[in-house]
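# Examination of the molecular architecture
Here is how the chains run, residue by residue.
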Amino acid sequence: MKAMLRLAVLGTAITLLAACGKGSSPAARTQANLPPPQVNVVKVRMQSVPLTKELVGRLASTRIAQVRARVAGVILKRVYTEGTDVKQGQVLFQIDPAPLEAALHAQQAALAKAQADATNAELTAKRYRQLRKKDLISQQDLDTAEANARTTAAAVKQAQANVESARLDLGSAAVTAPISGRAGRAQVTEGALVGQGEATVLTTIEQIDPIYVNFSQSVGEIGQLRQATAPAAHGPAAKVEVLMPDGTVYPHAGTVDFSDIAVDPGTGALSLRAVLPNPDHRLLPGMFVNLRLTTGRLDNAALVPQAAVQRDDKGAYVMVLGGDGKVQQRRVQTHGMTRTSWIVTGALQQDDQVIVAGLQKVKPGAPAKAVPASAQAAAGPANGNS
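Residues numbered from 1 in each chain as written. Predicted model: local features only at pLDDT ≥ 70, side-chain atom pairs only at ≥ 80, totals over all residues. Heavy atoms only, no water.

### Re the overall build of the chain
Helix and strand counts for the chain come out as six helices and 19 strands. Out of the 386 residues belonging to the chain, those deemed buried represent 32%. Put simply, of all contacts in the chain between residues at least 6 apart along the chain, 75% involve residues at least 24 apart. Summing over all exposed atoms, the chain offers an accessible surface of approximately 22900 Å²; the carbon and sulfur share of this is 55%. (Helix = DSSP H or I, 4+ residues; strand = E, 2+ residues; numbered from the N terminus. Buried < 20%, exposed > 50% of the residue type's maximum accessible area, 1.4 Å probe, protein only. Contact = heavy atoms within 4.5 Å. Areas by Shrake-Rupley, 256 points an atom, 1.4 Å probe, with all protein chains shown as cover.)

### Digging into the pairing of strand β11 (residues 254-264)
Direction of pairing for strand β10 (residues 239-243) relative to β11: antiparallel, over a ladder of two bridges. The residue bridging Val 240 from the neighbouring strand is Gly 254, located in β11. In this structure, β11 lies alongside strand β12 (residues 269-276), joined through six bridges in antiparallel fashion. In the sheet register, Val 256 faces β12, and the bridge partner there is Ala 274. Following β11, the chain reverses through four residues before pairing antiparallel with β12; Gly 268 in that reversal takes a positive phi of roughly 70°. (Pairing = 2+ DSSP bridges.)

### Details of helix α4 (residues 139-171)
When the terminal C-alpha atoms of α4 are compared, their 48 Å separation across 33 residues agrees well with the 48 Å that a helix rising 1.5 Å per residue should span. Among the residues of α4, Leu 142, Ala 145, Ala 149, Thr 152, Val 156, Ala 159, Val 163 and Ala 166 are the ones counted as buried. Where α4 is buried, its residues meet α3 (98-133). (Expected span 1.5 Å × (residues − 1).)

### Some remarks on unusual backbone geometry
Put simply, Asp 209 and Pro 210 share a cis peptide bond, and its omega is 5°. Notably, Asp 135 is not glycine yet its phi reads approximately 60°, a positive angle. As for its position among the elements, Asp 135 is in the loop between α3 and α4. Phi is positive for His 281, which is not a glycine, with a value near 60°. Summarising the element assignment, His 281 is placed in the loop between β12 and β13 (288-305).

### Some details on the packing of α3 against α4
Their axes nearest at 7 Å, the elements α3 and α4 cross at an angle of 160°. Considered as vectors, α3 and α4 are oriented roughly antiparallel to each other. Both α3 and α4 take part in a crossing whose hand is left-handed. Residue composition of the contact of α3 with α4, grouped by class: 20 nonpolar, nine polar and nine charged. (Axes fitted to C-alpha atoms, helices over the stretch in contact; angles between N-to-C directions. Parallel < 35°, antiparallel > 145°, perpendicular 65-115°, else oblique. Left-handed = near helix turned anticlockwise from the far one by under 90°. Nonpolar A, V, L, I, M, F, W, Y, C, P; charged D, E, K, R; others polar.)

### Overview of the packing of aromatic side chains
Scanning the model with the defined rule gives one aromatic pair in all. Where Tyr 80 meets Phe 93, the ring centres are 5.6 Å apart and the plane angle is 70°; that geometry is what we call edge-to-face. Of this pair, Tyr 80 sits in the loop between β3 (73-78) and β4 (85-86) while Phe 93 sits in strand β5 (residues 91-95), placing them 13 residues apart in sequence. Comparing Tyr 80 with Phe 93, the two get one shared label, buried. Arg 78 extends its terminal NZ or CZ atom over the ring of Tyr 80, reaching a point 5.8 Å from the ring centre. Here the guanidinium or amino end of Arg 273 rests over the ring plane of Tyr 212, the centre of that ring lying 3.8 Å away. (Phe/Tyr/Trp six-rings, centres within 6.5 Å; stacked < 30°, edge-to-face > 60°. Lys NZ or Arg CZ within 6 Å of the ring centre and 35° of its normal.)

Any link to function would need more than the numbers given here.
What follows is the structure in structure tokens.
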């Protein structure tokens, strides 16, 4: 009886084992035997990364002066060459000085007459004072003589002022540059009558070394820029670099020197201005240029390809292939981007392998295999980028 019971139990166990073997699906067995998915990775390099932003700006002269005729007269000649650099005080136009010289001589003659009248009046007043002491004239006569002396003395000062004014007018016949810069096209030619009733514009001078670049930035980024432009003991100030049309960087960098006091309600941006050297005059006023604004540096940061950074309701993250061959999710913070990469900080370390392709095939905790980019391309569409 006991032997028969043992045989029955053994048969049942064998039946159950056979049933379990038959219950494993082919898909489950195939999945268990599959190799880990192949992914493309890049190694993280922790470094000090400049915080930059590319904007569009417009160049403008730092100083603009209109050269005007301050006296009336006829232009005798243009002394300067249009479109060339001039120095402050350099003669640009010559107005006919003959009428102005005649006016100066007339004022000098009037001054001489006023001085003579004043001398005679003072001598008369002196004699009258002596006579009054002897009671030979009335006090009224003395008062009149002294008043005449004072009047003629005042006339001398007026005549002196007129001579000085005439001398200044004669000096203005040679029209000079008020500032150093590049002189533009002449607005008048020889023989033109200028200065009749108003100060005629003769030409314009623009100073383009250094030169301004005007641009704007959104309100959300102004705080970081103001922190960078404020005087500080450490770190470089906000730097502006101009990118030339051929993609090269203009060799002379500048700094932000002005920000407007109000935000433009139409654009929600604040107007800013930078100044940069322009010794070779390659930059010209009115040009639109691309510029790179550097507001500082971020220590212990990494440049991660844009495709590697993903987001969910908790923020940004990247997938990292660990040393054990398993995928890990790492949270990061983004701090702007370059043309191809995000600038990130967070739970990343030197030489971490960040997955940049094949992200749709991996999940945290699952195994994966890193494949070089060339091998990844040879693997075909099955191993394509995410």
